[in-house]
Each structure stands twice: as C-alpha cells, then as structure tokens.
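# Notes for the structure review
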Amino acid sequence: MTRSVTVLATGAATTIQDAGRPGQAALGIGRSGACDRASYRLANRLVGNTEGAAVLEVTFGGLHLRVDDDVMIATTGARCAGPSPHNAPMYLRSGQELQLGSPATGLRTYVALRGGFGADPVLGSRSTDVLSGLGPPPVSAGDVLQVCEPELPAPGVDLAPVPEPDQGGVTVRVVPGPRRDWFRDESWASLMQQTYTVTTDSNRVGLRLDGEPLERTRTEELPSEGMVRGALQIPPSGKPVLFLADHPVTGGYPVVAYVEDDDVDRCGQLQPGQSLHFTCRHEGSD
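Notes on the structure follow. Residues take numbers from 1 onward in each chain, read along the sequence in its written order. Only residues with pLDDT of at least 70 get local features here, since the model is predicted, and only at 80 or more are side-chain atom pairs given and counted; chain-wide, interface and lining totals rely on the full set of residues. Hydrogens and waters are ignored; side-chain quantities use all the structure's heavy atoms.

## Some thoughts on the layout of surface pockets
Put simply, the rule reads: Only protein atoms enter the 1 Å grid used here. Points where a 1.4 Å probe fits but cannot escape make up a cavity, open sets with protein on both sides within 12 Å along at least five of seven lines make up a pocket, and a residue lines them when an atom lies within 4 Å of a point. Grid points are joined across faces, edges and corners, and a volume is the space filled by probe spheres set on the points. In this description a helix means any DSSP run of H or I spanning at least four residues, a strand means any run of E spanning at least two, and both kinds are numbered starting from the N terminus. Asp, Glu, Lys and Arg are counted as charged, while Ala, Val, Leu, Ile, Met, Phe, Trp, Tyr, Cys and Pro are counted as nonpolar; the rest, among them Gly, fall into the polar class.
When its volume is computed, the largest pocket comes out at roughly 340 Å³. Taken together, 18 residues line the largest pocket, and the ones lying closest to its centre are Asp36, Ala38, Ser39, Val162 and Pro163. Put simply, the parts of the chain that give the lining of the largest pocket at least two residues each are helix H1 (37-46), strand S5 (71-77) and helix H3 (261-267). When residues of the lining of the largest pocket are assigned to their parent elements, the largest contribution, four residues, is made by H1. Taken together, the residues of the lining of the largest pocket break down into five nonpolar, six polar and seven charged.

Here is the structure:
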C-alpha cells in the first residue's frame, strides 16, 4: 500500500535528508545529509526506522503537512512552537495535520515518519545537496511525498530525554588544522579568545562568522585541498567560515582548525545572531 503526506507550507526551507553520500569525495561528490546528525538519528529511532531512512529537515519551523494515511511521526532537534509533542513518537490519523511554529532555540527540526520518505535516491542517497544540486529538489508547498513501508518493529519508546539546542553563547572544541602555520601566534590566540557572531549569510554549506579578522603569515595562493565537515576555513576577509553538511569537497583558502565532529551537530543548530567561541585543549595550542 502506498502512503503519502501532502505539503501545505514549508517555512523558510525544508529539504529531504538522510545519512548522505559518504566515501565519494574523490569523485567530487560531497556527503551532504542531515546537518545535525545526532538529531537525525534520534528521529529515526523514535519511529523505528532503519539507519539511513530519509526525513525532513526543516529550517526555523513553518512546515505544515497533512497526512493522507495513518502514520507514526516524531520531531527532534529544534523544538517548534505548537501543540505536538517533541522528542516523542505520536500517531496522526488520515487527514490530520502537523504544523510547526518557530523554534525558541535551535534552527533545524527533523521530522521522521515511520518507514521514511520515499524520494528517488541519487548516487545512493535521498539527501538534497544545496551546493551541488544533487538529490531531490527542496520541498515545496503542494508536493505529495511518498512514505515507505516500515522494515523494523515499532519501538516501545514514549520520550527521549535529550537536551534542547544551545541558547545564547556556544563554545565548541577545535584541533589545529593543516594550515595553522599560515597564521601568526597572535592570530591563533585571537581565534581562541574572541567571540564570533553567526551571520545571516549562513546556510547548510557553512556558518559565516563575524569577528576580528585573522592575519596570515603567508599571502600566496594555496592549491585546492580536500575539505571536510567541521573545517574552519579563513577566506581573504580573515573571518572564518565553518563548513557544515553541504561543504565543497575542495577549497583554496587555508584551514586553520577543525571543529570536533560531535560539536559540528551543535553548530548546525545555531541561529543567526548567536555567538560562538572556540577552545583548543591541545597542549601549547591556546
């Protein structure tokens, strides 16, 4: 039996995401996938989906769905205003609606339906990559999204007691990057000591940060190098860009540091205007 949901509104941006396309960077194909991987995995566990099932990633709320069949559903990540439970599975009957308001904290909400969304996979993934254009197009009002049949038993979980996304200032851990030596010690100290602000130019590709520019010791061109999620790249402006899920696979600006992987999930929940501080616990690095 084919099941579906109808999209009535999408908010600022809604995309289909799964675990991404790992292992294909050598072919010029980035991983993409959910920006906050921990929240993505939790959403699937709450409805008894297989690992890698596709969900909806909703940016700053605003999603409005009508279910066309009975479904089990769960939301995780940023808690949106509205009557629906969060971090807990619930049932919606055919014809009922889910409407997400704006979140007070956090940026991205994950909506999982039991069975997962059935968009056609591209290169092994149903993820929308906004940088390369791979995967299904962003979700639009009027779309009818297919829902797959469940493969696992329904879970016996009532609630997942996980913390809310960070509010206010956030501190994340870094390790020195391959081009740390392109920056003066004073610049590294500035990176560790100052507080950056997340700008409105940020998206799934990366967080653009506003703060005191970092000075380089070398100014020549850098041949393109491989990039990974969590890379802290310094463009000519001297203001860092922190790469997220849809980062490019190569880049020509020096990477001064890497944010530790678990903390990249937290960065994926930062709203524009929130502050970000870096700390490095490696001896002699801060």
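## As for helix H2 (residues 185-193)
The criterion, for reference: Burial status follows relative accessibility: with a 1.4 Å probe on protein chains alone, a residue under 20% of its type maximum counts as buried, one over 50% as exposed, and anything between as partly exposed. Throughout, a contact is declared for two residues whenever any of their heavy atoms are within 4.5 Å.
For H2, the complete set of buried residues consists of Ser187, Trp188, Ser190, Leu191 and Met192. Where H2 is buried, its residues touch strand S10 (170-176), strand S11 (196-198), strand S14 (231-233), strand S17 (255-259) and strand S18 (275-279).

## Some remarks on the pattern of salt bridges
Spelled out, the test is: Just to be clear on terms, a salt bridge is a Lys or Arg side-chain nitrogen sitting within 4 Å of an Asp or Glu carboxyl oxygen.
Here the structure, examined in full by the defined rule, presents 18 salt bridges. Residue arginine 218 pairs with glutamate 220 through a salt bridge whose shortest N-O separation is 2.6 Å. Taken together, the shared-partner salt bridges in this structure form one network comprising Asp166, Arg173, Glu260, Asp263 and Arg266.

## A word on the sheet that holds S5
Short version of the rule: The pairing criterion for strands is at least two bridges between them, as found by DSSP. Every axis in this analysis is a line fitted to C-alpha atoms, fitted for helices over the stretch in contact. Angles between the N-to-C directions lie between 0 and 180 degrees.
Strand order in the open sheet formed by five strands is S2-S3-S8-S5-S6, with antiparallel pairing between adjacent strands. Each edge of the open sheet carries a strand with a single partner, namely strand S2 (13-17) and strand S6 (90-92). Going across the sheet, the axis of each strand differs from the next one's by a mean of 30°, ignoring polarity. Where S5 meets strand S8 (residues 108-113), five bridges bridge the pair, whose relative direction is antiparallel. Paired with alanine 74 across the bridge in S8 is alanine 112.

## Looking at the side chain of threonine 14
Going by this rule: Polar contact criterion, stated in full: a pair of N or O atoms within 3.5 Å, where within protein one must be able to donate a hydrogen and the other to accept it, and residues adjacent in sequence count only if both atoms are side-chain atoms.
Within the secondary structure, threonine 14 is located in strand S2. One polar contact links the side chain of threonine 14 to the main-chain carbonyl oxygen of threonine 10, over a distance of 2.8 Å. Other than its neighbours up to four places away in sequence, threonine 14 contacts Leu56, Glu57, Val58, Leu63, Pro138 and Val139.

## Thoughts on the pairing of S5
Burial runs high along S5: seven of the seven residues are buried. Every second residue of S5 is oriented toward a common face, with Val71, Ile73, Thr75 and Gly77 on one face and Met72, Ala74 and Thr76 on the other, all of them buried. Direction of pairing for S5 relative to S6: antiparallel, over a ladder of three bridges. Note that in S6 the partner of valine 71 across the bridge is leucine 92.

## Considerations on the packing of aromatic side chains
Here is the rule: Working definition: a ring pair exists when centres of Phe, Tyr or Trp rings (six-membered ring for Trp) sit within 6.5 Å. Plane angles under 30 degrees give stacked, over 60 give edge-to-face, the rest tilted.
Taken as a whole, this structure holds one aromatic pair when the rule is applied. Centre to centre, the rings of tyrosine 196 and phenylalanine 278 are 5.8 Å apart; their planes meet at 55°, and the pair counts as tilted. Of this pair, tyrosine 196 sits in strand S11 while phenylalanine 278 sits in strand S18, placing them 82 residues apart in sequence. Taking the relative accessible area as the measure of exposure, tyrosine 196 reaches 0% and is therefore buried.

## A short note on H1
With respect to burial, H1 is a largely interior element, seven of its ten residues being buried. On its buried side, H1 packs onto S2, strand S3 (55-59), S5, S8 and H3. Two residues or fewer past H1, glycine 48 is found with a positive phi of approximately 75°.

## Notes on the pairing of S17
Side chains on a regular strand alternate between the two faces of the sheet. Taken across its five residues, S17 has four buried, putting it largely inside the fold. Bridge count between S14 and S17: three bridges; the pairing is antiparallel. Bridge pairing in S17 places leucine 232 opposite alanine 257.

## Focus on the nonpolar core
The condition that has to hold: Residues belong to one nonpolar core when they are buried, are Ala, Val, Leu, Ile, Met, Phe, Trp, Tyr or Cys, and are joined through side-chain atoms within 4.5 Å.
Within the largest apolar cluster, 41 residues are counted, with the highest numbers of intra-cluster contacts made by Leu191, Leu207, Val256, Cys267, Leu276 and Phe278. If you tally residues by element for this core, the top one is H1, at four residues. Apart from residues lying up to four places away in sequence, leucine 207 is in contact with Val198, Ser202, Pro240, Val241, Leu242, Leu244, Cys267 and Leu270. Core analysis: the second largest hydrophobic core is formed by 23 residues, Leu56, Leu92, Leu113 and Ala119 among them.

By themselves, these are just geometric observations and shouldn't be taken as functional.
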